[in-house]
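Analysis of the macromolecular model
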Amino acid sequence: MTTEPAVTDKEETPETLELPVLPRWDTVVYPGVIAQLLVRSERSLRALEHAMAHDRQIVVVSRKNAPPEEVTLKTLYRIGTVATVGRLLRMPDGFTQVWLQGDRRVRVLSLRRRGSFLAVNTKPIQEKEQQAQEVGIEARMRETLALFEKCSNLSEQVPQEAYIMAMNASGPGHLADLIASSLNLSLQQRQEVLEVLDPLTRLDRVTALVAKELDLLELQSKIHTQVQEEVDRSQREYFLREQLRAIQKELGQVDPLTRAANELRERADKAGMPEAVLEKVQEELDRLAGMPPGNPEVTVARNYLDWLVNLPWSTQTEDQLNISDAAKILDKNHHGLRKVKERILEYMAVRKLAQDRLRSPILCFVGPPGVGKTSLGKSIAEALGRKFVRVSLGGIRDEAEIRGHRRTYIGALPGRIIQTMRTAGTSNPVFMLDEIDKVGTDFRGDPSSALLEVLDPEQNHAFSDHFLEVPYDLSKVLFVTTANVLDPILPALRDRMEVIELPGYTEEEKLEIAKRFIVTRQVKEHGLTEEQLRFSPKAIRRLIREYTREAGVRNLERELGSICRKVAKRVAEGQSTPS
C-alpha cells in the first residue's frame, strides 16, 4: 500500500506568521501534548506575557546550545511547535511555571527582536494524518503501544497516565508524539522525532526508541532484582540468626556449635586477616553453621578455622633499632664473632633507615659444633626485641613436616613452619632453622625442596601450606639457619642464604669464654658459690690443652661441670672445699 507524502508546503498555505518565541535548551514540546515548563529568563517571561495579552500563541523552539550563549537564528533548530499558553504561576524561588498545549509544527524562517522579547517568522507545516483504522497502521500502533505499556510498568519515570493518553491517540503521528514526550530521551533525540514529518516514519522511529529503552529497563530491573534478592537474603539470614540466638538465650539452651561459630566469627573479625583469607573463613563458618552437630566434618571444620583465626596475621613486635644497645647485648652474650655481630648491626642500621622497604635476609651460620650458632640466634632476637622460635630440622624426611597435610587426611595438621608461627604469636619473629644440613630425602618427598619457598624473599610473602590452603606472609620473618658443613645442603637452597662462617675458637678465646660465661654458669647451676669454688686461669688453660680437643667449648663446659659436681659432693658431705 502506498501513501501520499504527509508533509506538504503547498500553495494553499503560503502565508507566514510572526509569533513570540520561547527558546528551550532542555526540552521539546510536541503537538497535541500538554507540557509544564519552568521559566526564569526575563526575555522569555516578556514573550509569554505578550502571548497572554493577545491570542495566547507562542512558538517553542529548541536551542542547540545552553545559556548564557546569545540566542540567534543559527543557534535554534529550524523546526518548532506553536503552543497555546494555558496559565502562568509565579513561584517563590523566582521561577514561573507555565502550562502549554502543543498545537502544530512550524518551520522557523527568521528571528528578530520586538522590544523586550524575541519573535520568529514561521511557516506552518501541514501534516496529513493517516487513518488509524487501516489494518497496517493499526497493527503498528498496537505493537508500539504494547512496548510502551511494558516501559510504563518498569519505569518509575513514565506515569501510568501517559499510557492511558497513548491508548486514546487519534493516529500514528499523534501516538508517536505522546510517547516521545514521556520517554527518557536526550534533547537531540527529541528534536529528531519532532523533525520527522511523516507520521508513519515518526512512529517507526519512536518504536525503535521504545524498544531500546525497554531493553535498558529490563536489564536494569534484572540487576536490581538480583541485588535486592542478595540484600534480602542477607538481611533475612541475619534476622533469623539473631532471632534464634535470642530464643536460645531466653531458654538457656545455646547450641555449642552455634556458640563456637559465633566466637570464631568474632575472633576472625579482630584477627586482621587479608580480605581473601577473611572470605575463606566466612565461607567455612557458613558451612559449619549449616552442619548438623553429629556430622564428623564438624571437628575438621572447627580445627581448620581454629588454626586460621589463631595465626598472627597482623600482630607484630616493634623492632628495637638502637645500634649501641644491640652491640652491648651481643658483646654481653658472646665473645668474639666479630663478623656475625657486624652483619647483625648492619641489618639493624639499614632497617632503621629503609624501614619496611628492606627485605629480611636469610642468614646461614656454618661452623663446627659448640661454637654458639644456636645461642647466637637468641642473642639476635634479644637485640632486635623480637620473639625467638626454633625448629630442628635434623632427621626430617617428610615434606609434610614443612608444608603440612591436606585436610582430607585424618588428624591433618599444618607444617612446622605454620605451627611455629602460631607459637611465636607475631608475624616477625627471629625464626631459627637448626641443623639444615641434616635434612634427609626419601620416598615421602624432599623437605629441602619444600624449604626453597620458605627461604626465598621473592616467594615467602605468599607461603602455601597444604593444610591452610590460603597464602601466609613470611616476608617479615628473620630466618636464621645453622649447619656444620655446607656440602649436604641443596645448591638451590644454599644460593638463597647468606652464608656466615663461624671458625673454631683459639685457646685464648676459649679461656675468655670460660672465664666470662661458662664458669659462672656452672658454679651457679651446681648450687655452689664463688667462695666455695674458684677456677684460676692456669687451671682452665690446662683443661683446654690436656682434656679437650675441639673447635667449640662444649667439652670444656662438660669438664668444668664434672669438677663442679665433685666439689658439690664434698660440700654436701660437710668436707672442706679446696679452691
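Residues numbered from 1 in each chain as written. Predicted model: local features only at pLDDT ≥ 70, side-chain atom pairs only at ≥ 80, totals over all residues. Heavy atoms only, no water.

With respect to the helices, strands and loops of the structure, D434 is situated in strand β11 (residues 430–434). When its relative accessible area of 2% is taken as the criterion, D434 is described as buried. Contact partners of D434, with chain neighbours within four places excluded, come to T374, R390, V391, S392, L393, G394 and T482. (Helix = DSSP H or I, 4+ residues; strand = E, 2+ residues; numbered from the N terminus. Buried < 20%, exposed > 50% of the residue type's maximum accessible area, 1.4 Å probe, protein only. Contact = heavy atoms within 4.5 Å.)

Before going further, it helps to examine a nonpolar patch on the surface. Residues L219, I223, V227 and V231 make up a contiguous nonpolar surface patch of about 340 Å² in total accessible area. By the element assignment, V231 lies in helix α6 (residues 199–251). In this structure V231 comes out as partly exposed when scored by relative accessible area, which is 36%. (Patch = residues over 30% accessible without salt bridge, like charges linked within 9 Å, V, L, I, M, F, W, Y side chains within 5 Å. Areas by Shrake-Rupley, 256 points an atom, 1.4 Å probe, with all protein chains shown as cover. Salt bridge = Lys/Arg side-chain N within 4 Å of Asp/Glu carboxyl O.)

Along helix α5 (residues 187–195), the residues classified as buried are L187, R190, Q191, V193 and L194. Looking down the long axis of α5, one finds its buried residues gathered within 155 degrees of arc, a one-sided arrangement. (Arc of directions from axis to C-beta.)

It is worth spelling out the sheet that holds strand β14 (residues 478–483) at this point. Read across the sheet, five strands follow the order β10-β11-β14-β9-β15 without closing on themselves; strand pairing throughout is parallel. With partners counted over all chains shown, the strands left at the sheet margins are β10 (388–392) and β15 (498–501), one partner each. Sheet twist, expressed as the mean angle between neighbouring strand axes with direction ignored, is 20 degrees. In this structure, strand β9 (residues 362–366) lies alongside β15, joined through four bridges in parallel fashion. Looking across to β15, one finds that F365 is bridged to I500. (Pairing = 2+ DSSP bridges. Axes fitted to C-alpha atoms, helices over the stretch in contact; angles between N-to-C directions.)

To continue, consider the packing of helix α9 (residues 297–310) against helix α14 (residues 416–424). At a minimum axis separation of 10 Å, α9 and α14 run at an interaxial angle of 55 degrees. Considered as vectors, α9 and α14 are oriented oblique to each other. Residues D306, W307 and N310 of α9 touch α14, and the partners they reach there are I418, Q419 and R422. Tallied by class, the residues present in the contact of α9 with α14 amount to two nonpolar, two polar and two charged. (Parallel < 35°, antiparallel > 145°, perpendicular 65-115°, else oblique. Nonpolar A, V, L, I, M, F, W, Y, C, P; charged D, E, K, R; others polar.)

What follows covers the packing of helix α8 (residues 275–289) against α9. Two elements in contact, α8 and α9, have axes separated by 10 Å at closest approach and are oriented at 155 degrees. With respect to α9, the axis of α8 lies roughly antiparallel. Of the two possible hands of crossing, α8 and α9 adopt the one that is left-handed. Facing α8, whose interface residues are K280, V281, E284, L285 and L288, α9 presents V298, A301, R302, Y304, L305 and L308. Partitioned by chemical class, the residues of the contact of α8 with α9 number eight nonpolar, no polar and three charged. (Left-handed = near helix turned anticlockwise from the far one by under 90°.)

With that settled, the discussion passes to the environment of L111. Counting through the fold element by element, L111 comes out in strand β6 (residues 96–114). Judged by relative accessible area, which is 22%, L111 ranks as partly exposed. When sequence neighbours within four positions are dropped, the list of residues in contact with L111 reads V21, V71, T72, L73, L76, L118, A119 and V120.

Structural measurements only, silent on function.
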